[in-house]
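# What the coordinates show
The residues making up each chain are set out below.
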Amino acid sequence: MRLVNPAVNGVVVPDGPLPMLPPSTWESQAVRDAVAAESPGAVIAIARKAHGLRQDELGTLAGFSQSAISRLESGSNIAYDLRVLRTLQRLLGVPAHLLGLTDRTVPVRSGDLVVGMEGKALMTLCASAVFNADNDDDAVSQLLVLRRIVNDAHNWRATGALMPAVRSMYDVIDALRRNARGEVRRRLLGTGAMYAEFYGWLHEEVGDMRNATAWTSRALEQGQAADDRDVVAYCYVRLSQLAEADGDDDRVIGLARAAQRETGVSPVVRAMALRQEARGLARAGQDACLARFDLAQALVLEVRPPQSDEYSIGYCFTDLHVQLQRAASLVDLADHRRAIDVYTQLMPRWGSACQWEQGVHTATLAYAHAAGGDVERAVELGFVALDLARVTGSQLIVNELARLGPWAATPAIAELTAQLR
């Protein structure tokens, strides 16, 4: 049941932010068909109906007329107005890539095909990138394009299917590196480091922390050998995140600060390091974390997204990622009401975050509600996060949901925690 405000211009509108839609909404055949047909208006119509809104209600919420919404959904030129689409995307929580709004030059259809590929197909694509290139520099460039495509694919599919392919891709690059010389060897070292770091991340997501650390450390060594300062700094950030999972707050802070001491690091990587230092400070109960979040946000707001198809560290990092971690850190500081307020303000934009990240923060928000006394809302959000955990296979979401254990005496929470096992 939707809570409502009094009528605005004769239209009754929801009170407060719209709730998040379940991931199954975006995986439906209707959405797939609309994306394949390059019809953002049809995607908007599906999302509107899923929220239980009429066209006039959506128009009132978004500041458009009912006739404008009707024209958009029927495929008129307004359906391709980026200003209109961004407004509706944030309001309805539609994943940005479904409307063609992600800042990438890789076509949506190609990305969607990659999301459906299995390991052997991805390996074939990797081999093609290497052996069909005109020269060594072109081969490295193609491997970086593939690294970005695989990264985007990971954002919307389960981890397990990618792991064998990513390992095989790394092995191909490493074999090329061993037989290369000069600048090409250096570039292959840096590219291999990016694949090794990603492989470590995939291990972390399935809960294999030993291999996550081993592969991230390997990536750090290769980044140092390549003299790629962004890779080195980011590997320190990743090792800091692994220390966070291990509960070692001092190492979290120290490794994040080591990342910031690297010279010649891009602003976006520096922002990521500041955000991670802030996480460590929050976990240690230090209010100084908030100033670090402010610095990180100021940096990332000045960054212009790269125009290349090649993977670069932090290419999809935005102020949303800083703000979500700020909210999570407020939970660590036991400021649950403020954390809920920040999360609530961000909800219209959650659709642009990848699924595992949505799941982690949904689980954190559930914990904040439980700690604040609203167990019923915690249950509701907990099952949304559980759904995302099933879709992505992310152990990170499961770990965050486990924090609801103290309320297991509540039957619904007990059911949720039982399903976690």
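See the structure above.
Described below are features of the structure shown in this document. Since this is a predicted model, take the numbers as computed values, not measurements. (Residues numbered from 1 in each chain as written. Predicted model: local features only at pLDDT ≥ 70, side-chain atom pairs only at ≥ 80, totals over all residues. Heavy atoms only, no water.)

### Let's talk about the environment of His321
If you trace the backbone, His321 turns up in helix H16 (residues 319-332). The residues contacting His321, other than those within four sequence positions of it, are Arg275, Cys316 and Glu357. (Helix = DSSP H or I, 4+ residues; strand = E, 2+ residues; numbered from the N terminus. Contact = heavy atoms within 4.5 Å.)

### Re the side chain of Gln222
Relative to the assigned elements, Gln222 resides in helix H11 (residues 209-226). The class for Gln222 is buried, based on a relative accessible area of 9%. Excluding anything up to four places from it in sequence, Gln222 contacts Tyr170, Asp174, Leu189, Gly192 and Ala193. (Buried < 20%, exposed > 50% of the residue type's maximum accessible area, 1.4 Å probe, protein only.)

### Topic: the packing of helix H3 (residues 55-62) against helix H4 (residues 66-73)
Put simply, H3 and H4 touch, their axes get as near as 8 Å, and they point 110° apart. As far as their axial angle goes, H4 and H3 are roughly perpendicular. Contact residues: Gln55, Asp56, Leu58 and Gly59 in H3; Gln66, Ile69, Ser70 and Glu73 in H4. In the contact of H3 with H4, the residues fall into two nonpolar, four polar and two charged. (Axes fitted to C-alpha atoms, helices over the stretch in contact; angles between N-to-C directions. Parallel < 35°, antiparallel > 145°, perpendicular 65-115°, else oblique. Nonpolar A, V, L, I, M, F, W, Y, C, P; charged D, E, K, R; others polar.)

### Observations concerning the packing of aromatic side chains
Within this structure, the stated rule accounts for six aromatic pairs. With 4.7 Å between their ring centres and 85° between their planes, Tyr199 and Trp215 make a pair best called edge-to-face. Of this pair, Tyr199 sits in helix H10 (residues 182-205) while Trp215 is found in helix H11, placing the two residues 16 residues apart along the sequence. Accessibility classification places Tyr199 together with Trp215 in one group, the buried group. Seen from their ring centres, Tyr311 and Tyr315 are 5.6 Å apart, and the 75° between their planes marks the pair as edge-to-face. One aromatic cluster is present, formed by Tyr170, Tyr199 and Trp215 through successive ring pairs. (Phe/Tyr/Trp six-rings, centres within 6.5 Å; stacked < 30°, edge-to-face > 60°.)

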